[in-house]
Amino acid sequence: MASVANIQLPRGTLESPAPCWIPRTSRDGKTFRPLVKCVCGTVYGTAAHHIHKDGTVTASWMSNLCCQWHVHLKLLDWPGEDFPPSYEGGT
Ligand SMILES: [Zn+2]
């Protein structure tokens, strides 16, 4: 079984070098689900994943629409929200 790399993903913006995660907040400061920018630059939503309070993302990340990047992600500087997977929402 191939091992899957653990990646500490830095916080960034849509203009940052890939890979990174991209925070989204409402006007009143509420934290929304983050976006993830793949190593190849493709930006994904995270609705199918669980974002834990410590920034750990489960299950493992698979960029199945672009370069098949398969890693375990941890979001650095994650503000501590917990987002269970949300298959019905697009956010
Ligand atoms: Zn990719």
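This report concerns the structure included in the present document.

Criteria and thresholds
- Residues numbered from 1 in each chain as written.
- Predicted model: local features only at pLDDT ≥ 70, side-chain atom pairs only at ≥ 80, totals over all residues.
- Helix = DSSP H or I, 4+ residues; strand = E, 2+ residues; numbered from the N terminus.
- Rg over C-alpha atoms; globule rule 2.2 N^0.38 Å.
- Buried ≥ 20, exposed ≤ 12 C-beta atoms within 10 Å, placed from the backbone.
- Contact = placed C-beta atoms within 7 Å.
- Core = buried A, V, L, I, M, F, W, Y, C linked by C-beta atoms within 7 Å.
- Pairing = 2+ DSSP bridges.

1. What to know about the overall build of the protein chain
Per the secondary structure count, the protein chain includes 0 helices and 7 strands. In terms of overall size, the protein chain behaves like a compact globule, its C-alpha atoms giving a radius of gyration of 12 Å where 91 residues would be expected to give roughly 12 Å. Overall size of the protein chain, expressed as C-alpha extent along the three principal axes, is 45 × 25 × 25 Å. Expressed as a percentage of the 91 residues in the protein chain, the buried residues total 18%. Within the protein chain, contacts between residues separated by at least 24 positions form 42% of all contacts whose residues are at least 6 apart in sequence.

2. Looking at the nonpolar core
Within the largest apolar cluster, 10 residues are counted, these being L9, C20, W21, V36, I51, V57, W61, L73, L75 and W78. Breaking this core down by element, the ones donating at least two residues are β2 (20-22), β6 (56-62) and β7 (70-75). The residues touching L73, leaving out its near neighbours within four places in the chain, are I7, L9, V57 and W61.

3. Overview of the sheet that holds strand β1 (residues 5-9)
Across the sheet, 4 strands lie side by side as β1-β7-β6-β5; this open sheet has mixed pairing. Only two strands of the sheet have a single neighbouring strand rather than two, namely β1 and β5 (50-51). Note that β6 and β7 share 4 bridges and pair antiparallel. When the sheet's bridge partners are listed, T56 is paired in β7 with K74.

4. Side note on the environment of I22
Inspection of the secondary structure puts I22 in strand β2. Between the C-alpha atoms of I22 and P10, which are 12 residues apart in sequence, the distance is 8.9 Å. Each residue touching I22, except ones within four places of it in the same chain, is listed here: G12, T13, L14, P34, L35 and K37.

5. A closer look at the sheet that holds strand β4 (residues 43-44)
Pairing between the strands of a sheet comes from backbone hydrogen bonds, and it takes one of two forms, parallel or antiparallel. Taken together, the 3 strands give an open sheet; going across it, the order is β2-β3-β4, and neighbouring strands pair in antiparallel fashion. Of all the strands in the sheet, just β2 and β4 have a single pairing partner and so form its edges. Summarising the sheet, β2 and strand β3 (residues 35-37) pair through 3 bridges and their orientation is antiparallel. Counted as the bridge partner of I22 is L35 from β3.

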